[in-house]
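Observations on the three-dimensional arrangement
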Amino acid sequence: MSGRGAPDTPGAEAEREAEQRDLRRAAEAGIHRLAVPTPFMVGRVNAYLIEDDPLTLIDSGPNSAKALDELEQALAARGRRVEDIGLLVISHQHMDHFGLASILARRSGAEVAALEPLGGYLAGYGRESELDDAFAEGIMLRHGIPAEVVTALRAVSAGFRAWGSAVEVTRPLSDGGELALRDRTLKVLHRPGHSPSDTVFLDEERSVLLSADHLIAHISSNPLLARPLGAEHDLAAPRPQALVTYMRSLEQTKEMDVGLVLPGHGRPITEHAALIEQRFRMHRRRAEKILGLIEARPRSAHEIAQELWGNVAVTQAYLTLSEVLGHADLLLEDGRAVEEEQDGVVRFAASGG
Ligand SMILES: [Zn+2]
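Throughout this document, residue positions are counted from 1 along each chain, in the order its sequence is written. Restriction of local features to residues with pLDDT of at least 70 applies here, the model being predicted, together with a cutoff of 80 or more for giving and counting side-chain atom pairs; totals for whole chains, interfaces and linings are based on all residues. Excluded from the side-chain calculation are hydrogens and water; included are all heavy atoms of the structure.

1. A word on the environment of A287
What counts, and what does not: By definition, any uninterrupted DSSP run of H or I lasting at least four residues is a helix, any uninterrupted run of E lasting at least two residues is a strand, and each is numbered from the N terminus. When accessible area is computed with a 1.4 Å probe and restricted to protein chains, residues below 20% of their type maximum are described as buried, those above 50% as exposed, and intermediate ones as partly exposed. Throughout, a contact is declared for two residues whenever any of their heavy atoms are within 4.5 Å.
Take A287: it is sitting in helix α9 (residues 272–296). Among the residues examined, A287 registers a relative accessible area of 4% and is labelled buried. Those residues in contact with A287 that lie beyond four places of it in its chain are H327, L330 and L331.

2. Observations regarding the packing of aromatic side chains
Put simply, the rule reads: Any Phe, Tyr or Trp ring, taking Trp's six-membered ring, that has another such ring centre within 6.5 Å forms a pair; planes under 30 degrees apart are called stacked, those over 60 apart edge-to-face, and the others tilted.
Going through the model one piece at a time under the given rule, you end up with three aromatic pairs. Note on F40 and W163: the rings are 6.3 Å apart at their centroids and 70° apart in plane angle, and the pair reads as edge-to-face. In this pair, F40 is assigned in the loop between β1 (31–36) and β2 (45–50) and W163 in the loop between α7 (147–160) and β6 (171–173), connecting sequence segments 123 residues apart. Taking the relative accessible area as the measure of exposure, F40 reaches 18% and is therefore buried. Look at W163 and you get partly exposed, because its relative accessible area is 24%. Ring geometry for F98 and Y125: centres 5.3 Å apart, planes at 80°, overall edge-to-face. One end of the pair, F98, is in helix α3 (residues 95–98); the other, Y125, is in helix α6 (residues 125–142), with 27 residues separating them in the sequence.

3. A short note on the sheet that holds strand β7 (residues 178–180)
Convention followed: When DSSP finds two or more bridges between a pair of strands, those strands are recorded as paired. Axis lines are fitted to C-alpha atoms, over the contacting stretch for helices. Their N-to-C directions set the angle, which ranges from 0 to 180 degrees.
Taking strand neighbours across the sheet as the criterion, the five strands line up as β7-β8-β9-β10-β11 in an open arrangement whose pairing is mixed. Of all the strands in the sheet, just β7 and β11 (260–263) have a single pairing partner and so form its edges. This sheet shows a mean twist of 25° between the axes of neighbouring strands, independent of strand direction. Two elements, strand β9 (residues 199–203) and strand β10 (residues 208–212), share three bridges in a ladder whose sense is antiparallel. Counterpart to L202 in the pairing with β10 is L209.

4. A closer look at empty space enclosed by the protein
Rolled over the atoms, a probe sized like a water molecule indicates the empty space that remains. The condition is simple: We place a 1 Å grid over just the protein atoms. Points where a 1.4 Å probe fits but has no way out form a cavity, open points with protein on both sides within 12 Å along at least 5 of 7 lines form a pocket, and any residue with an atom within 4 Å of a point lines it. Grid points are joined across faces, edges and corners, and a volume is the space filled by probe spheres set on the points. Put simply, Ala, Val, Leu, Ile, Met, Phe, Trp, Tyr, Cys and Pro go in the nonpolar bin, Asp, Glu, Lys and Arg in the charged bin, and everything else, Gly too, in the polar bin.
One pass over the full model with this rule turns up one cavity of 30 Å³ or more. The calculated volume of the largest cavity comes to roughly 50 Å³. The wall of the largest cavity is formed by N46, Y48, I58, D59, S91, T199, F201, L210, S211, A212, L262 and G264. Going through the elements one at a time, β2, β9 and β10 are the ones with two or more residues in the lining of the largest cavity. Partitioned by chemical class, the residues of the lining of the largest cavity number six nonpolar, five polar and one charged.

5. Observations concerning the nonpolar core
Grouped burial of nonpolar side chains is what soluble globular proteins tend to show. The following threshold applies: What we call a nonpolar core is a set of buried Ala, Val, Leu, Ile, Met, Phe, Trp, Tyr and Cys residues that are connected through their side-chain atoms within 4.5 Å.
Ranked by size, the top nonpolar core spans 49 residues in total, and within it M140 and F348 carry the most contacts. Looking at this core, the elements with two or more residues in it are α6, α7, β9, α8 (242–254), α9, α10 (301–309), α12 (317–333) and β13 (345–350). Listed in part, the 29 residues of the second largest apolar core include L55, L68, I85 and A105.

6. Overview of the coordination of the zinc ion
Keep this limit in mind: Coordinating donors are taken to be N, O and S atoms lying within 2.8 Å of the metal, or within 3.2 Å when the metal is Na, K or Ca; because water is excluded from the atom set, some sites may appear incomplete. Between 85 and 135 degrees for all angles marks four donors as tetrahedral; over 155 degrees for opposite donors together with 65 to 115 for all other angles marks four donors as square planar and six as octahedral; every other arrangement is irregular.
For the zinc ion, the full set of protein donor atoms is H92 (NE2), H94 (ND1), H194 (NE2) and D213 (OD), at a range of 2.2 Å. Because the angles between the four donor atoms bound to the zinc ion fall within 88 to 170°, the donor set is best described as irregular. All donors of the zinc ion belong to a single chain; written as a sequence motif, their spacing is H-x1-H-x99-H-x18-D. Of this pair, H94 sits in the loop between β4 (87–89) and α3 while D213 sits in the loop between β10 and α8, and the two are 119 residues apart along the sequence. Judged by relative accessible area, D213 falls into the buried class, the value being 4%.

7. Let's talk about the layout of surface pockets
Counted as a void, the largest pocket has a volume near 1,300 Å³. What lines the largest pocket is a set of 42 residues, among which M95, F160, L224, Y318 and L319 lie closest to the centre. Among the elements of the structure, α3, α6, α7 and α12 are those that each provide at least two residues to the lining of the largest pocket. It is α6 that contributes the most residues to the lining of the largest pocket, eight residues altogether.

8. Describing helix α4 (residues 101–108)
What counts, and what does not: Each direction from the helix axis to a C-beta atom contributes to the arc, which is the arc of those directions.
What α4 keeps buried is the set A101, S102, L104, A105 and S108. Seen from one end, α4 has its buried residues packed into an arc of 165°, which puts them on one side. The inward-facing, buried residues of α4 contact β3 (56–58), α2 (65–77), β4, α3 and β5 (111–115). G109 sits one or two residues past α4 and shows a positive phi near 75°.

9. Regarding the confidence of the model for the protein chain
Detailed reading of predicted coordinates is not advised where the pLDDT is low. So the rule is basically this: In predicted models, pLDDT denotes the confidence assigned by the predictor to each residue on a 0 to 100 scale.
Model confidence for the protein chain is summarised by a mean pLDDT of 94, while 95% of its residues fall at 70 or above. A low-confidence stretch, residues 1–5 (pLDDT under 50), is modelled with 11 contacts involving residues beyond four sequence positions or located in other chains.

Take a look at the structure:
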């Protein structure tokens with residue numbers, strides 16, 4: 001579902017060349033990719049250094065000595081140190097993107113900017129992740145994941161938490177607002193779906209979009225089912241529709257006139273509208289496949305995930321569950337599926353037809 005490397009085909013060489021060309025183009029715009037290691041399946045995360053005043057870093061990498069060490073080396077290669085950073089911008093609430101932020105901010109005295117509703121989440125990171133886990137647990141049980149698997153996954157999640165770290169946002173941003181540096185203005189745009197806080201930053205003058213995990217070239221960004229920001233989510237309330245939200249956000253991005261997209265993982269993107277169209281087709285195909293499964297008989301989201309991904313539906317239970325629920329939402333929206341609840345577990349069924 002993510003992190004699969006591209007096979008080394010004759011096309012791979014051309015792809016690497018294109019990547020180098022696009023990175024040079026970013027560098028000409030004063031934006032430098034610093035790829036920082038993470039312990040996650042997705043591999044490295046891209047932080048972007050913007051040579052401007054203040055010296056700006058978009059995203060930080062996870063909270064680990066290895067990430068810090070490599071980030072420092074990447075900065076040194078550009079003649080910079082952590083202490084030179086004046087502004088740290090956080091794209092969204094995932095720990096591979098903000099985990100090092102508190103250390104970087106403390107050492108540099110940099111301001112920390114993020115979308116306003118994300119501030120509370122980042123400041124209260126420990127408690128917020130507890131609430132996330134409680135939310136995920138409720139969703140997993142309701143959608144057919146066995147209780148012992150849920151318990152095991154909660155322990156795994158608690159173990160991962162240290163890759164993040166609470167950080168104080170000193171410069172809250174608003175959707176549609178601007179982040180002004182000396183030589184450029186970044187337009188701040190909220191594009192929820194992959195997570196509730198996804199924010200992209202547009203340099204209109206240079207036609208560059210910093211897209212973080214909203215749009216990635218080599219993998220489809222998982223629309224992870226997440227607790228709404230800033231809310232004590234009532235578990236009995238309707239669940240958020242991450243994929244529906246995500247596709248609406250992609251629709252907005254597709255309409256944008258952008259020459260170069262710099263994502264949070266992997267290589268730059270130059271044909272964003274075509275890539276988004278490809279994503280739309282993939283999601284529609286997957287929804288059809290799920291419809292086929294529930295036409296045969298009603299199934300829980302977990303049963304559907306097992307049909308589609310086998311054992312991965314257990315080891316990556318929440319991720320695969322989010323995928324299935326996202327696509328089930330598309331079918332529900334179109335009136336082609338219904339939810340049937342029995343003993344607290346939901347099954348999806350094809351609607352009469
Ligand atoms: Zn993310």
